[in-house]
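# Examining the three-dimensional arrangement
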Amino acid sequence: MKSSRPRRGYKANQTQRPSNLFLFFTFLCPSYNLTMQNWTIQKLLNWVTEYLTNKGVDSPRLSAELLLSHVMGLKRIELYTQFDKSVSKQQLDKLHDLVERAGDSEPIAYLTGKTEFYSLELEVNPDCMIPRPETELLVERAIEFLRTRTGTQFVCDLCTGCGCIAVAIAKNVPVARIIATDISAAVLDIAAQNIEKYSLKEKITLLCGDLFDPLVPQLDVEKLVLDSDRGFDLIICNPPYITAAEFESLNKNIKAYEPRIALYAGEDGLDIYRRLIEKVDEFLKPDAALMLEIGYAQGPAVKELLEQNGTFTEIKIEKDFRNNDRIAIAKKMSLLK
Ligand SMILES: C[S@@+](CC[C@H](N)C(=O)[O-])C[C@H]1O[C@@H](n2cnc3c(N)ncnc32)[C@H](O)[C@@H]1O
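Let me sum up the structure you'll find in this document. As the structure is a computational prediction, the values presented were derived from the model and not from experiment.

Here Ile 315 shows up in strand β8 (residues 312-319). Sequence spacing of Ile 315 and Glu 304 is eleven residues, and the spatial spacing of their C-alpha atoms is 9.6 Å. When neighbours within four sequence positions are excluded, Ile 315 is seen to be in contact with Lys 303, Leu 306, Glu 307, Ile 329 and Ala 330.

Our next topic: the pattern of salt bridges. According to the stated counting rule, one finds 23 salt bridges in the structure shown. The salt bridge partner of Arg 132 is Glu 258, with a shortest N-O separation of 2.6 Å. Pair noted here: Arg 132 is in the loop between β2 (120-123) and α7 (134-147) and Glu 258 is in the loop between α12 (252-255) and α13 (271-279), with a separation of 126 residues, a long-range link. Across the pair Arg 275 and Asp 210 runs a salt bridge whose closest N-O atoms are separated by 2.3 Å. Here Arg 275 is found in helix α13, whereas its partner Asp 210 is found in the loop between β5 (204-208) and α10 (219-227), with 65 residues between them in sequence. We classify Arg 275 as partly exposed; its relative accessible area is 37%. You can call Asp 210 partly exposed: its relative accessible area is 25%.

This paragraph deals with the site of the ligand. In the vicinity of the ligand there are 21 residues, among which Cys 159, Asp 182, Asp 210, Leu 211 and Asn 238 approach most closely. Between the ligand and the protein, one listed contact pairs a nitrogen atom with a backbone N or O atom of Cys 159 at 2.8 Å. Here a nitrogen atom of the ligand and a backbone polar atom of Leu 211 are 2.9 Å apart. Taken by itself the ligand offers 600 Å² of open surface, and the protein chains cover 97% of this. Counting only elements with at least two residues in the shell around the ligand, the list comes to α8 (164-172) and α13. A breakdown of the residues in the shell around the ligand according to their chemical character gives twelve nonpolar, six polar and three charged.

So, how was this worked out
Think of each chain on its own: its residues are numbered from 1, step by step along the sequence as written. Totals for whole chains, interfaces and linings use all residues, but because this is a predicted model, local features are given only for residues with pLDDT of at least 70 and pairs of side-chain atoms are given and counted only at 80 or more. Heavy atoms throughout the structure, all of them, feed into the side-chain values; hydrogens and water do not. Numbering of helices and strands starts at the N terminus; helices are DSSP runs of H or I of at least 4 residues and strands are runs of E of at least 2. Contact criterion: two residues are considered in contact whenever any of their non-hydrogen atoms come within 4.5 Å of each other. Salt bridges are counted wherever a side-chain nitrogen of Lys or Arg sits within 4 Å of a carboxyl oxygen of Asp or Glu. Burial here depends on accessible area, computed with a 1.4 Å probe over protein chains only, as a share of the maximum for the residue type. Under 20% is buried, over 50% is exposed, and the range in between is partly exposed. Being near a molecule or strand, for a residue, comes down to having at least one heavy atom within 4 Å of it. In protein, a polar contact requires one atom able to donate a hydrogen and another able to accept it; more generally it is a pair of N or O atoms within 3.5 Å, and residues adjacent in sequence count only if both atoms are side-chain atoms. Only the protein chains shown count as cover for residues, and all accessible areas are computed by the Shrake-Rupley method using a 1.4 Å probe. By the convention adopted, Pro, Cys, Tyr, Trp, Phe, Met, Ile, Leu, Val and Ala count as nonpolar, Lys, Arg, Asp and Glu as charged, and the other residues, Gly among them, as polar.

Right, dumping it as structure tokens:
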């Protein structure tokens, strides 16, 4: 059966492509004697792309490239410079398992254990949410803001997950000193790996607990906050913000695989914003910024929460590249006003 989904980057070799039945009985059927075939990178790329297309997987060519490059230990570009390279039986067995799981909606990032965020390769596993491209906009605004200021910049990244926001800021703003918190200890293990990978241990401190809770009892952190003239220059957060109704209708690749605690935030999806905005004032310096990622329909509600708090000026809601509300930015009033 032909897929109605568009096929990208797929013109070469179309006339030589074998049927899906052939594909099943050769590559995807484990009992078939794979050594009978000379499986090259080129053949596999085309066949895996077709399989994933027919399974309705997003970006099937890219997904095929990511899986094959992972199994072969090559960069994506090297797949194209080594098109005729044969793939070993061991590599085929591994690829077979991963392709089947991808066809069953398991996210490619969990299958390969990595993803790209803000031009950085980050480790991920099913304990953490996979960073999304929309969050890069939040990071962009944070970096712009921090670069307008002088001296060491104290940043708090709440709900850090795999540490993507903290790592991207630390890599791009050398004067940033970051405390990153998350309620999940398992998630912080992944964040620690990413911090280690980019040699940022001196710049990012990880703490486990509910929102601001872990900031208070840690003496060294209290000292950090005190040293920084009582408070952070920037508090940034991409919290869970999915509503009850949205959670029910999530696609399988998200609902069945990504952690619920990273997604769901109560009936209206605003639970974390309410609790965070209520307390955030205590942790911000005058003139400091609060930057939040928000759901596409949450702009008006989050703006209202920020206005009601009475601490903030210059409250802005910004849209993402799909023209959906995506970021809330607010500045804490300066002492002079
Ligand atoms: C939407 S994910 C964001 C992860 C990462 N910052 C990103 O941008 O991809 C939300 C994260 O918040 C954490 N989390 C959920 N509830 C929390 C809470 N009450 N306090 C701290 N972290 C929480 C989850 O464990 C998850 O890692």
